[in-house]
Amino acid sequence: AQLDTLDIVVLAVILVGTVAYFTKGTYWAVPTDPYASSLALANGAKAGKSRNIIEKMEETGKNCVVFYGSQTGTAEDYASRLAKEGASRFGLKTMVADLEDYEYENLDTFPEDKIVMFVLATYGEGEPTDNAVEFYEFIMSDDSSFSEGGSASDKPLGNLKYVTFGLGNNTYEHYNAMVRRVDGALTKLGATRIGAAGEGDDGAGTMEEDFLAWKEPMWASLMEAMQLEEREAVYEPVFEVAEKPEMDAEEDQVYLGEPNKNHLEGLQKGPFNAHNPFIAPIAESKELFSAVDRNCLHMEIDVSGSNLTYTTGDHIAVWPTNPGKEVDRFLAILGLTEKRHMVINIKGLDPTAKVPFPSPTTYDAAVRYQMEICAPVSRQFVSSLAQFAPNDTIKAEMAKMGGDKDYFHEKVSDLNLNLAQLLEIHSNGEPWTKVPFSILIEGLHKIQPRFYSISSSSMVQKDKISITAVVESIVKPGAPHVVKGVTTNYLLALKQKQHGVAEPDPHGLNYALTGPRNKYDGVHVPVHVRHSNFRLPSDPRNPIIMVGPGTGVAPFRAFVQERAHQARAGEEVGKTVLFFGCRKKVEDFLYENEWDTYKNDLGDKFELHVAFSRDGPQKVYVQHKLEENAEVIDKLLQQKAFFYVCGDAANMAREVNSLLIRIIAQQRGVPETKAEEIVKKMRASNQYQEDVW
Ligand code: FAD
């Protein structure tokens, strides 16, 4: 049988996973980086240490391991929260472990008095995260070959007790597939689950509450199963943050925001990847909107000389810097303003603790470049900070917010507050000097690169990557602050700088645009490329239908650019139909003039349907345009047109999916259940692809 694209993708994932497993990261680690090696030491495995989890737990005196399968860091964060809570509330000896750092053949000899927790994110179309591929394949294979068959019963995992929580998104078809499948497989192998298998839903925006609601009954069951006793939670720092007044922040070995040793030493050395960004020049930048209050950026990032390559449909990751305004607020409310340039050294107090960023560094650099300080605050974190409040009244208020879901919503979530804003409001600006810095490193995420669907074709401009990014600015009535998207406002400030605007920052956010030790001077931004499965058909004669309202048009600009290029070169190109939507023709019709150029090359092969939601008495969306063109769409689909959707995952992508089912049902005169099956098959064979966020 012929391999279809999905098979190839699956094989590629397996291959990447296998290579990742056998090379244990050596291909992409920055070998000379002491930060990388300290991480490796903490991880054990990467430094050639044991990949035997039982041995590791025995060596370090642990009785609970929390494994995570994480792609963006959320599952990892939940894993460390579980580990911390298990230790502080129940006296468990916990450790957190990356699934890719261990082997699983000996799980059948896992001691009965210990517990394993699995925090598992589902990625893409029901796939394991990159670090969980190996584990997943092992546990799912019918002939999981365990080392000894240690259990008395004929089920190999008869002794294993586990707890599990999944992170998923209900807008995807395979909602929480990982946790469901792994839970099923473990049970089948004879393991005993303690508590329910939890499921958090990012699609509904309830991940945090789902987690909190799941974990209380889970702890109750675990207490019973392991005969634990609850005690008053005592905070035990995970990291030692040692101040080094004898050191100067300007000393060469101090990290002032450099992501690794190479960058610290001023060497830009590849390979550039998720651990090692390329500091790329921004070759060009421009504003795409003509609205007064909204911005959308087009940028051309120059990757020549970096060895970074991309294929049309890939993503570029931008490494953000926090705005100076929020860095100042954060340091001030913690009473650290005076000490902001104090050198600090951070190390794990436990051999299994992973320090999330390199040190020695300074408070300023850690907060500006390493910690996600602007994000929404979690309720659990508010609870754990209560004990460090400046006085008892504030402590009681924090405990109340932490303990009462509705009150938390009213006082925190509904006001869009970040941590420093919350602390500032509740103490009336009085500094919270008792908060240990370790708890902030533990409680806030490491700052994450943001992804952008590349809006250029690699065939047309292989060394210049285009970005199309709408600048996030959220004004909420009644909220004391405007939420300013960290990365997009950083990019906006860079654009202003490039255009010589005297006050580059239109919102007084005060970004440190020249980067650590002025290493980003000129107009530079740290980036890496992430390869995706979002692909044009390999045969350009194949028709394509693209649905991309707003910035969802980004990869489709790349697709159309590529096809226009092919047509210019004399290749035969199939029908290329784009559905775009925006508010008003004169305001936010992205790339309005460019489409005409592409039309010149593609002629009647290119069709553009635009929906303006605020131009007439009726709101018109892409969905309406799809309905109007139902017949053509179905005809093209029957000719094996590829169908692409990009942009808003929560509403648009889901509605387009349902609409397509209706269109197929009506046009082909089949029941909706049948049409649903057809759409599912299209997805499975990659004829229907999504790039949504
Ligand atoms: P952030 O600071 O990350 O904030 C993002 C949002 O989080 C805010 O808008 C707000 O809703 C919420 N938020 C943040 N802080 C708070 C708070 N304190 N309280 C309450 N809510 C808060 N975007 C594009 O414009 N173009 C693209 O082509 C594109 N492609 C993408 C492709 C992929 C695969 C993915 C995953 C995402 C893509 N995105 C794209 C989105 C992009 O990655 C970023 O999420 C987006 O630009 C916002 O980043 P930011 O740092 O500016 O905002």
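Above this text sits the structure in question.
Just so we're clear, the structure is a prediction, and the values are computed from it rather than from any experiment.

### A look at the overall build of the protein
When its secondary structure is counted, the protein shows 23 helices and 23 strands. Its C-alpha atoms give the protein a radius of gyration of 26 Å, within 12% of the compact-globule value 26 Å for 693 residues. In terms of overall dimensions, the protein has a C-alpha envelope of 70 × 70 × 50 Å along the principal axes. Here the protein holds 693 residues, and the buried ones make up 54% of them. Long-range contacts, defined here as pairs at least 24 residues apart, represent 77% of the contacts in the protein between residues at least 6 apart. Of the roughly 29600 Å² that the protein leaves accessible, carbon and sulfur atoms contribute 50%. On the protein, the mean spot of the 71 positive side-chain charges and the mean spot of the 99 negative ones are 2 Å from each other.

### Observations concerning the layout of surface pockets
In this model, the second largest pocket occupies a volume close to 980 Å³. In terms of lining, the second largest pocket is formed by 34 residues, of which the most central are Arg 294, Val 470, Gly 550, Thr 551 and Arg 583. When contributions to the lining of the second largest pocket are tallied by element, the ones reaching two or more residues are β16 (473–474), β20 (576–582), α20 (622–628) and α22 (649–668). For the lining of the second largest pocket, a count of residues per class yields 13 nonpolar, 11 polar and 10 charged.

### Concerning the site of the ligand
Around the ligand, a shell composed of 26 residues is seen, among which Phe 451, Tyr 452, Glu 472, Thr 487 and Thr 488 lie nearest. In this structure, Glu 472 approaches the ligand through a side-chain N or O atom, which is 2.5 Å from an oxygen atom. Expressed as a share of its isolated accessible area of 960 Å², the protein-covered part of the ligand is 79%. A per-element tally of the shell around the ligand places strand β14 (residues 450–453) first, with 4 residues. Of the residues belonging to the shell around the ligand, the class tally is 13 nonpolar, 9 polar and 4 charged.

Conventions adopted
Each chain has its residues counted from 1, following the order in which its sequence is written. Given that this is a predicted model, residues contribute local features only at a pLDDT of at least 70 and side-chain atom pairs are listed and counted only at 80 or more, while totals for whole chains, interfaces and linings are drawn from all residues. Remark: hydrogens and water are excluded; side-chain values derive from all non-hydrogen atoms of the structure. In this description a helix means any DSSP run of H or I spanning at least four residues, a strand means any run of E spanning at least two, and both kinds are numbered starting from the N terminus. Each radius of gyration is computed over the set of C-alpha atoms, and the globule rule expresses the reference value as 2.2 Å times the number of residues to the power 0.38. Burial status follows relative accessibility: with a 1.4 Å probe on protein chains alone, a residue under 20% of its type maximum counts as buried, one over 50% as exposed, and anything between as partly exposed. In what follows, a contact means two residues having at least one pair of non-hydrogen atoms within 4.5 Å. To be clear on the numbers: accessible area is Shrake-Rupley with a 1.4 Å probe, and residue cover counts the displayed protein chains and nothing else. Just so you know, the count uses Lys and Arg for positive and Asp and Glu for negative, and it drops His and the chain ends. By convention, the point assigned to a charge is CZ for Arg, NZ for Lys, CD for Glu and CG for Asp. Cavities and pockets were defined on a 1 Å grid built from protein atoms only: a cavity is a group of points that admits a 1.4 Å probe but offers it no way out, a pocket is an open group of points flanked by protein on both sides within 12 Å along at least five of seven lines, and a lining residue is one with an atom within 4 Å of any such point. Grid points are joined across faces, edges and corners, and a volume is the space filled by probe spheres set on the points. Residue type decides the class: Asp, Glu, Lys and Arg count as charged, Ala, Val, Leu, Ile, Met, Phe, Trp, Tyr, Cys and Pro as nonpolar, and the leftover types, Gly among them, as polar. Whether a residue is near a molecule or strand is decided by its heavy atoms; if any one of them lies within 4 Å of it, the residue is near. Any pair of nitrogen or oxygen atoms within 3.5 Å is treated as a polar contact; in protein, a donor-acceptor pairing is required on top of that, and neighbouring residues in sequence qualify only through side-chain atoms on both sides.

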